[in-house]
Amino acid sequence: MIGIFIALISGALMSLQGVFNTEVTKQSSVWVSASWVQFSALLTCLVIWAAFDRSSFSLLLKVSPKYVMLGGLFGAFITYTVIQSMSTLGPAKATMLIVIAQLTISWLVELLGMFGVEKAPFSMRKLLGLLIAVAGVVIFEWES
């Protein structure tokens, strides 16, 4: 149950972050905005680390495989693409498409057992759920 609650908070925060970042971009530029997002995230993480964790950063040298450390690189481009999609499509449409893409890629990662994730069997029920989500986007955007 706690996982569901945390996931809902995550989705809400991502949507609000996208709206805020898009506003900052309108008053500066996309890369200035994205840089500020990443910099302020770094500062926040460092403060929380100093207050609650204090694990050694040398632990990063032991991470394996090394390609999993590309999350920050992805984060920079996630910030950029969220800002761009929200400014061109609007928050609702952009968020719906982002969530559909997340669901699709996450399911493929599970199906194929990629990146150390335990392989999951194909499920017609999950495919139907994905297709219903796509249909929901179409219905949400349907102009009458």
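Owing to the predicted nature of the structure, the values given are computational and were not obtained by experimental measurement.

Calculation criteria
Residues numbered from 1 in each chain as written. Predicted model: local features only at pLDDT ≥ 70, side-chain atom pairs only at ≥ 80, totals over all residues. Heavy atoms only, no water. Axes fitted to C-alpha atoms, helices over the stretch in contact; angles between N-to-C directions. Helix = DSSP H or I, 4+ residues; strand = E, 2+ residues; numbered from the N terminus. Parallel < 35°, antiparallel > 145°, perpendicular 65-115°, else oblique. Left-handed = near helix turned anticlockwise from the far one by under 90°. Contact = heavy atoms within 4.5 Å. Nonpolar A, V, L, I, M, F, W, Y, C, P; charged D, E, K, R; others polar. Phe/Tyr/Trp six-rings, centres within 6.5 Å; stacked < 30°, edge-to-face > 60°. Buried < 20%, exposed > 50% of the residue type's maximum accessible area, 1.4 Å probe, protein only. Polar contact = N/O pair within 3.5 Å; in protein donor to acceptor, adjacent residues only side chain to side chain.

Asks: I keep staring at the packing of helix H4 (residues 91-112) against helix H5 (residues 124-141) and nothing clicks. Help me out?
Replies: The axes of two packed helices give the description: the angle between them and the distance between them. H5 packs onto H4 with a crossing angle of 170 degrees between their chain directions and a minimal axis gap of 10 Å. As judged from the angle between their axes, H4 and H5 are roughly antiparallel. Taken as a pair, H4 and H5 cross one another with a handedness that is left-handed. In this structure, H4 contributes Ala92, Lys93, Met96, Leu97, Ile100, Leu103, Thr104, Trp107 and Glu110 to the contact, and H5 contributes Lys126, Leu127, Leu130, Ala133, Val134, Val137, Phe140 and Glu141. When its residues are assigned to classes, the contact of H4 with H5 shows 12 nonpolar, one polar and four charged.

Asks: Explain the side chain of Asn21 to me, please; I cannot follow it from the model alone.
Replies: Along the chain, Asn21 falls in helix H1 (residues 2-27). In contact with Asn21, not counting residues within four places along its chain, are Ser33, Val37, Thr79 and Ile83.

Asks: Where do I start with the environment of Leu42 in this structure?
Replies: By the element assignment, Leu42 lies in helix H2 (residues 30-53). Separated by 28 residues in the primary sequence, Leu42 and Met14 have C-alpha atoms spaced 17 Å apart.

Asks: Would you explain the packing of aromatic side chains in this entry?
Replies: The description of an aromatic ring pair uses the distance of the two centres, along with the angle that the planes make with each other. Using the criterion set out here, one finds six aromatic pairs in the structure. Both rings, one in Trp107 and one in Phe122, keep their centres 5.7 Å apart while their planes meet at 35 degrees; by these two values the pair is tilted. Residue Trp107 is located in helix H4, and its partner Phe122 is located in the loop between H4 and H5; the two are separated by 15 residues in the primary sequence. Taking the relative accessible area as the measure of exposure, Phe122 reaches 53% and is therefore exposed. A network of ring pairs unites the aromatic residues Trp31, Phe77 and Tyr80 as a single cluster.

Asks: Please clarify how the side chain of Ser85 should be interpreted in this entry.
Replies: Secondary-structure assignment places Ser85 in helix H3 (residues 71-89). Its relative accessible area of 16% is what places Ser85 among the buried residues. Reaching out from Ser85, the side chain makes a polar contact with the backbone oxygen of Val82 at a distance of 3.1 Å. Residues contacting Ser85, with those up to four places away along its chain left out, are Gly90, Ala94 and Ile98.

Asks: Help me out: how do you make sense of unusual backbone geometry in this one?
Replies: What is expected of a backbone is that most residues other than glycine have negative phi and most peptide bonds are trans. With omega at -5 degrees, the peptide bond leading from Ser64 into Pro65 counts as cis. Looking at the element boundaries, Pro65 is found in the loop between H2 and H3. In this structure, Arg54 takes a positive phi of about 65 degrees despite not being glycine. Looking at where Arg54 falls in the secondary structure, it is placed in the loop between H2 and H3. Of note, the phi angle at Phe115 is positive, near 60 degrees, even though the residue is not glycine. Mapped onto the elements of the fold, Phe115 is located in the loop between H4 and H5. Overall, Phe115 belongs to the exposed group, its relative accessible area being 52%.

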